[in-house]
Amino acid sequence: MWLTRNLCEKICKSLASTLEKTIIENVDRESKSPEDACKLLATEHQVAVNEISKNKVEAISDSIKTQHTTPVKLCSSVNISFGKVWKLQFFCAEEENSFEIKTDRQNIHQILSAIIKKCSQANWNIDNLPVWREN
């Protein structure tokens, strides 16, 4: 499934904003400063990203990559909901090609980091990302 630059940017901003909101609510309950929330987010994000490095998946060989039996579909929109379980729903024009990911907060950090990395590799220059995220 393909994501456009515009949709990737919206996903990144939405995930980052939601991660910030959920941690700030927890920090506010404990009477800590906004700087503490930023530090907590940075730490949380780095731990999640480090998990990716530890569990690095082997690269798929080029011969496997090029063997597509069905055309790649373009994602038209994404819906993000959160709670104990975070849900990302990816919608295509053809409903049968839509899918969802149900995961936890740590994996959302990993997904955000992966999208940012792929956008950077594509030179898409996603702006206004949070300072706590991995560079």
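Participant: What's the story with the pattern of salt bridges in this structure? I'm lost.
Facilitator: Should the charged atoms of two oppositely charged side chains come close, the side chains can pair. Under the criterion given, the structure shown has four salt bridges. For E9, the salt bridge identified is with R5, shortest N-O distance 3.0 Å. Of this pair, E9 and R5 both sit in helix 1 (residues 5-29), four residues apart, which is roughly one turn of the helix. E9 sits in the buried class, given a relative accessible area of 14%. Look at R5 and you get partly exposed, because its relative accessible area is 32%. Put simply, R105 and E44 hold a salt bridge, and the shortest N to O gap is 2.7 Å. With R105 in helix 4 (residues 105-121) and E44 in helix 2 (residues 34-54), this residue pair connects regions lying 61 residues apart in the sequence. Owing to a relative accessible area of 23%, E44 belongs among the partly exposed residues under this scheme. A single salt-bridge network, built from bridges that share partners, covers R5, E9 and K13.

Participant: Sorry if this is basic, but what is going on with the confidence of the model for the protein here?
Facilitator: Caution applies to low-pLDDT parts of the model: their predicted coordinates are not meant to be read in detail. Confidence in the prediction for the protein averages 80 pLDDT; 79% of positions are at 70 or higher. Of all secondary-structure elements in the protein, the lowest mean pLDDT belongs to helix 3 (residues 62-65), at 50, while strand 2 (residues 86-92) reaches the highest, 94.

Participant: What should I look at first to understand the sheet that holds strand 3 (residues 99-103) in this one?
Facilitator: Strand pairing in a sheet relies on backbone hydrogen bonds, with the paired strands running either antiparallel or parallel. The three strands are arranged 1-2-3 in an open sheet whose pairing can be described as antiparallel. Both edges of this open sheet fall to strand 1 (75-81) and strand 3, since each of them pairs with a single strand only. The average undirected angle you get between the axes of adjacent strands in this sheet is 15°. Strand direction decides the pairing type here: strand 1 and strand 2, joined by six bridges, are antiparallel.

Participant: What is the right way to read the nonpolar core from this model?
Facilitator: For soluble globular proteins, nonpolar side chains are generally found buried alongside one another. Within the largest apolar cluster, 22 residues are counted, with the highest numbers of intra-cluster contacts made by L19 and L112. Elements that contribute at least two residues to this core include exactly helix 1, strand 1, strand 2 and helix 4. With eight residues, helix 1 is the largest single contributor of residues to this core. In contact with L112, other than residues within four places in its own chain, are C12, L15, A16, L19, H45 and W132.

Participant: Can you help me understand the environment of E44 in this one?
Facilitator: Considered as a pair, E44 and I23 are 21 residues apart in the sequence and their alpha carbons are 9.9 Å apart. Not counting residues within four places of it along the chain, the set of residues in contact with E44 comprises I23, R105 and H109.

Participant: Looking at this model, I keep getting lost on unusual backbone geometry. Mind explaining?
Facilitator: Outside of glycine, negative phi angles account for most residues, and trans bonds account for most peptide bonds. Not every positive phi belongs to a glycine, and N123 is a case in point at roughly 55°. Checked against the element boundaries, N123 lands in the segment after helix 4. For N125, which is not a glycine, the phi torsion comes out positive at approximately 50°. Along the polypeptide, N125 turns up in the segment after helix 4. Under the relative-accessibility criterion, N125 is labelled exposed at 54%.

Participant: Could you clarify how one ought to interpret the packing of aromatic side chains in this entry?
Facilitator: As enumerated under the stated definition, the model contains two aromatic pairs in all. Relative to W86, the ring of F82 lies with its centre 5.4 Å away and its plane at 35°, an arrangement referred to as tilted. Look at F82 and you get partly exposed, because its relative accessible area is 45%. On the basis of relative accessibility, which here comes to 3%, the residue W86 falls in the buried class. Residues F90 and F99 carry aromatic rings whose centres are separated by 5.0 Å and whose planes lie at 20° to one another, so their mutual orientation is stacked.

What counts as what
- All residue numbers refer to positions counted from 1 along the written sequence of the respective chain.
- The predicted origin of the model limits local features to residues at a pLDDT of at least 70 and limits the giving and counting of side-chain atom pairs to 80 or more, whereas totals for whole chains, interfaces and linings rest on all residues.
- Derived side-chain values reflect all non-hydrogen atoms in the structure, with water molecules and hydrogen atoms excluded from consideration.
- Salt bridges, as used here, are contacts in which a Lys or Arg side-chain nitrogen is within 4 Å of a carboxyl oxygen on Asp or Glu.
- Numbering of helices and strands runs from the N terminus, with a helix taken as a DSSP run of H or I at least four residues long and a strand as a DSSP run of E at least two residues long.
- Only protein chains enter the calculation, and the probe is 1.4 Å; a residue is then buried if its accessible area is under 20% of its type maximum, exposed if over 50%, and partly exposed in between.
- The predictor reports its confidence for every residue as pLDDT, a score running from 0 up to 100.
- Note on pairing: DSSP must find at least two bridges between two strands before they are called paired.
- For helices, the axis comes from a line fit to the C-alpha atoms of the stretch in contact; other axes are also lines fit to C-alpha atoms, and the angle between any two N-to-C directions lies between 0 and 180 degrees.
- Residues grouped as a nonpolar core are buried Ala, Val, Leu, Ile, Met, Phe, Trp, Tyr and Cys residues, joined through side-chain atoms within 4.5 Å.
- Residue contacts follow a heavy-atom distance rule, with two residues in contact if any of their heavy atoms lie within 4.5 Å.
- By convention, a stacked pair of Phe, Tyr or Trp rings (six-membered ring in the case of Trp) has centres within 6.5 Å and planes under 30 degrees apart, an edge-to-face pair has planes over 60 apart, and any other such pair is tilted.

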